[in-house]
Structure formats: C-alpha cells, structure tokens
Amino acid sequence: MEKILLLAHTQDDGSLPKAACESLNAALTLAADLGGAALTVGLVGGDVKAAADSLAACGAAGILAVSGEDFAASRYASDALAVEALVREAAPTLVLAPTSSRFSRCLPGAAFRCDGRIETHITGIDVVDGTLQVQRWYYRQRMVAKLSRAHRPWFLVIDPGVFEPWQGPAGSADVQAVEVNVGDDHKRTEVVGVQTPDSDAQTIRPDAKLLFVAGAGWTKKQADGQLQIKRAEELILNFINRSNASLGSSKSLVDQSSEGGEVISFMSHLNQVGQTGSTPRHPKGLATCCHGEEPHTVGWRFINERRAITLDPNCGWAQGKADVLYVADAFEVIAKVNELLAEG
Ligand SMILES: Cc1cc2nc3c(=O)[nH]c(=O)nc-3n(C[C@H](O)[C@H](O)[C@H](O)COP(=O)(O)OP(=O)(O)OC[C@H]3O[C@@H](n4cnc5c(N)ncnc54)[C@H](O)[C@@H]3O)c2cc1C
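What you are looking at is a predicted structure, and each value in this text was computed from that prediction instead of being measured.

Novice: I'd like a description of the overall build of the protein, backed by residues and values.
Specialist: Secondary structure summary: the protein contains eight helices and 15 strands in total. In terms of its C-alpha atoms, the protein occupies a principal-axis envelope of roughly 70 × 50 × 40 Å. For the protein, buried positions account for 40% of its 344 residues. Sequence separation of at least 24 residues holds for 68% of the intrachain contacts in the protein that already meet a minimum separation of 6.

Below is the structure:
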C-alpha cells in the first residue's frame with residue numbers, strides 16, 4: 001500500500017499558500033482513490049503553528065514539522081535538509097508538494113538524497129486499475145503525457161490552479177517536531193531582505209479570476225490617424241487595477257520595445273502569453289486589440305472562458321477560438337467598462 005507525504009511550506013505571515021491547499025486536496029483525493037492510503041503532512045517554516053492548526057480537520061494521519069528561525073526563509077541548503085528529514089521520518093512511497101519557487105529550488109536535491117525520482121509540473125493525478133498515473137505537458141503545452149513509475153519514493157510537484165484548494169475549519173493540531181541541525185556550512189546563504197515591485201506595478205497576478213490580454217492594436221494608429229499610446233496605458237492600467245485582473249500580452253506588443261517603437265511602459269516579455277510565452281491558468285480571459293493567431297492562442301489552453309474585443313470580424317478569435325467576440329473599438333469599450341467599474 002502506498003504511503004503519502006504532503007509537503008508544504010509557510011508564507012511570511014505563517015499561513016499556507018493557496019497552492020499548498022490545492023496539493024493537499026490532490027493528496028486527499030489520491031489517498032482515497034488508492035483505497036485509503038495513509039497521508040501525513042510535512043510542514044517547513046519559521047513558526048508552523050497557524051499553518052498546522054489550519055489543517056487540523058483535513059483528516060491526515062499526522063502532521064510533522066521542521067520549524068524554527070533557520071527555516072523561516074527560503075534557502076536551498078536548509079530547505080533540502082528539512083525535506084530530507086521529513087521524508088526519512090514519514091517513510092512515504094509518494095511525496096506530493098505544490099510548485100513554488102522555494103520548493104522548485106530544493107526538491108530535486110532532496111529527492112536525490114532520498115534516492116527518489118521526481119516529476120515536476122504535474123497537472124493531473126489518476127489511479128487506473130490500481131496504478132498511479134500522473135499527467136504533465138511537454139513542448140510548450142502542445143503534447144500531454146501520462147506517466148507511471150515503479151520507483152519509490154516518487155516526488156510529484158503539482159502545478160498551481162489544477163485542483164480546488166482544500167477548505168475546512170481550523171482547530172488545534174498535534175504536531176510532531178522533526179529536529180534538524182543546520183550547521184554553519186548550510187548557512188552560507190543568508191536572506192537579507194526581499195525586494196518586490198510596488199503592488200500597482202505587479203501586473204502578473206496568477207491567482208486573478210481574469211486574464212486581460214493587450215495586443216499590438218493598442219499601439220497602432222487609430223480611427224483619427226493618430227497613435228494613442230498614453231491613453232492606451234491609462235485605460236489598460238486603470239482596467240487591471242480596478243478589476244484586479246492579470247495582464248498578459250501578445251508577442252507583437254512586447255517585441256516593440258526591442259524594435260525602438262513607442263511602447264506600453266509597464267509591459268515586458270514576462271507578460272507574453274503564447275507558444276513562446278506563458279500558458280497561464282485563469283477562469284476567464286479577455287483579449288483586446290489582438291488578432292488571435294494560433295501561436296498566441298495556444299497560450300490560452302487553460303483559460304476556461306474566452307472573450308475578445310477587436311475591430312476585425314475575420315480575426316483568429318472569430319475562427320472558433322473565442323466563446324464571445326465583440327467586434328468593437330477596444331478604446332471605447334474599455335473606457336466605458338472603466339467608468340462602470342468606478343461607479344462600483
Ligand atoms: C515561432 C513563433 C512563435 C510565436 N509565439 C508567440 C507567442 O508566444 N505569443 C504571441 O502572442 N505571439 C506569438 N507569435 C506571433 C503571432 O503569430 C502573432 O504575430 C502575434 O500574436 C500578433 O499579435 P497581435 O495580435 O497583438 O498583433 P496584430 O496581428 O498586429 O493584431 C492587432 C489587432 O488589433 C486590432 N485593433 C487595432 N486597433 C483596435 C481597436 N481600437 N480596437 C480593437 N481592436 C483593434 C486589429 O484589428 C488587429 O486585429 C509567434 C510567432 C512565431 C512565428
């Protein structure tokens with residue numbers, strides 16, 4: 001019988017990230033699908049009490065924790081030690097964890113030390129005739145594969161946005177502390193601070209309900225024969241801040257910076273969606289001033305409901321790629337929507 005260990009690390013405020021609750025849901029479902037496999041939770045963080053209490057009702061057989069000042073911040077050396085210790089203590093056959101920059105850094109090394117094998121970017125977990133199969137995408141999300149492995153322990157790092165987050169009442173959890181000594185050799189990297197952009201400059205919001213995509217049309221001459229880039233910036237920024245949407249872009253728009261043209265100032269290649277960009281996951285997407293060509297729309301694979309506003313009734317969106325297409329001037333539509341959003 002398989003034994004599952006679900007790993008999670010705390011956030012700065014001591015709570016668990018949403019992705020950890022999603023992976024917990026995946027682990028609970030898997031345990032049930034495997035006919036009642038034992039599930040242990042392993043926590044890493046500075047102070048894990050609040051996180052453990054938030055999971056008190058999840059039904060795990062036990063909660064292990066490596067905690068203390070040495071584990072408050074993300075650092076490969078101490079995190080790999082913590083994960084290794086949790087795996088040795090729980091002796092699982094399957095280790096599930098959410099994808100985060102912290103885990104992405106330390107889990108491959110920890111898996112190696114535990115003589116494990118690791119799969120990243122898991123987007124599906126199934127039990128077929130008693131055999132565990134996991135799903136992941138290859139070749140920039142164009143090919144999907146199902147994999148199984150005989151080797152144990154098997155580490156599965158789960159992409160965010162795939163499973164619903166586990167929810168349940170908080171309680172008072174029994175936590176078994178796992179001691180880990182972090183020697184000076186493991187403390188050569190010290191976190192001295194975190195630099196992040198201002199919150200209104202952060203336009204990529206993976207948890208947003210809406211993806212707003214701006215295409216190159218925003219920087220083209222408009223009906224009056226003039227460029228309206230400052231107005232475009234104002235409309236877009238206003239919209240994403242009022243609606244809390246995440247900002248995506250077509251390649252043509254972000255490439256303009258390297259071509260010397262006037263550009264949308266807060267847009268970078270990180271915003272690019274598509275074959276050579278990202279494949280974000282949001283429940284809804286709205287494309288504006290974008291033609292909807294295949295190399296762009298392939299990045300919309302995981303967007304459930306798609307809408308587009310463009311002047312061209314024969315664009316790619318009209319060829320079956322959008323659920324709803326508004327043939328209209330996006331400047332006018334977004335100005336009106338911003339007005340309505342401002343009214344509340
Ligand atoms: C190998 C390869 C990889 C690629 N990878 C990617 C990728 O990852 N992502 C990506 O996006 N592209 C990618 N491309 C490029 C892609 O094929 C398209 O060229 C690009 O997506 C076009 O961007 P666009 O629709 O914003 O611009 P355009 O094709 O210029 O379209 C602009 C649109 O805006 C509309 N418009 C103008 N003014 C308004 C207005 N006022 N209101 C409403 N609509 C208006 C126009 O009608 C037009 O349809 C790739 C191409 C190749 C060859």
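Moving on from the model shown.
Novice: Kindly report on helix α3 (residues 76-90), identifying the contributing residues and their values.
Specialist: With 15 residues, α3 should reach 21 Å at 1.5 Å per residue; the first-to-last C-alpha distance of 21 Å fits that figure. By the burial criterion, the buried members of α3 are Ser 78, Asp 79, Ala 80, Leu 81, Ala 82, Val 83, Glu 84, Leu 86, Val 87 and Ala 90. Of the surrounding secondary structure, the elements contacted by the buried residues of α3 are β1 (3-9), β2 (38-45), β3 (62-67), β4 (94-98) and α4 (101-113). Ala 91 lies just past α3 and shows a positive phi near 45°.

Novice: I'd like a description of the domain arrangement of the protein, backed by residues and values.
Specialist: Its domain assignment divides the protein into domain 1 (3-187) and domain 2 (199-343). Here domain 1 and domain 2 have C-alpha centroids that lie 35 Å from each other. Every contact between the two is made by six residues of domain 1 and, on the other side, seven residues of domain 2. Residue classes in the side of domain 1 that touches domain 2 are distributed as one nonpolar, two polar and three charged.

Novice: Tell me about the sheet that holds strand β6 (residues 124-128), residues and numbers included.
Specialist: One open sheet holds the three strands; their spatial order is β6-β7-β8, and the pairing between them is antiparallel. The open sheet is flanked by β6 and β8 (143-147), the only strands paired with a single partner. For this sheet the average axis-to-axis angle between neighbouring strands, irrespective of direction, equals 25°. Where strand β7 (residues 131-138) meets β8, five bridges bridge the pair, whose relative direction is antiparallel. In the sheet register, Gln 135 faces β8, and the bridge partner there is Lys 146.

Novice: Provide a residue-level description of the environment of Thr 93, including the pertinent values.
Specialist: Structurally, Thr 93 can be placed in the loop between α3 and β4. Put simply, Thr 93 and Ser 278 are 185 residues apart on the chain and 32 Å apart in space, counted from C-alpha to C-alpha. Those residues in contact with Thr 93 that sit more than four places away from it in its chain are Glu 2, Lys 3, Arg 152, Pro 153 and Trp 154.

Novice: How would you explain the site of the ligand if you had to name every residue and give the values?
Specialist: Residues in contact with the ligand amount to 30 residues; listed here are only the nearest, Gly 215, Gly 217, Ser 250, Lys 251 and Gly 274. Breaking the shell around the ligand down by element, the ones donating at least two residues are α6 (251-255), α7 (294-297), β14 (305-310) and α8 (330-343). It is α6 that provides the largest number of residues to the shell around the ligand, a total of three residues. Classifying every residue of the shell around the ligand gives eleven nonpolar, 14 polar and five charged.

Novice: Break down unusual backbone geometry for me, with residues and values.
Specialist: Following Arg 152, the chain continues into Pro 153 via a peptide bond in cis, with omega recorded as 0°. By the secondary structure assignment, Pro 153 is in the loop between β8 and β9 (154-158). Within the chain, Asp 115 stands out as a residue other than glycine whose phi angle is a positive 55°. Within the element layout of this structure, Asp 115 appears in the loop between α4 and β5 (117-122). Judged by local crowding, Asp 115 falls into the exposed class, with 9 C-beta atoms found within 10 Å.

Calculation criteria
Residues numbered from 1 in each chain as written. Predicted model: local features only at pLDDT ≥ 70, side-chain atom pairs only at ≥ 80, totals over all residues. Helix = DSSP H or I, 4+ residues; strand = E, 2+ residues; numbered from the N terminus. Buried ≥ 20, exposed ≤ 12 C-beta atoms within 10 Å, placed from the backbone. Contact = placed C-beta atoms within 7 Å. Expected span 1.5 Å × (residues − 1). Domains from an automatic or database assignment. Nonpolar A, V, L, I, M, F, W, Y, C, P; charged D, E, K, R; others polar. Pairing = 2+ DSSP bridges. Axes fitted to C-alpha atoms, helices over the stretch in contact; angles between N-to-C directions. Near = placed C-beta within 6 Å.

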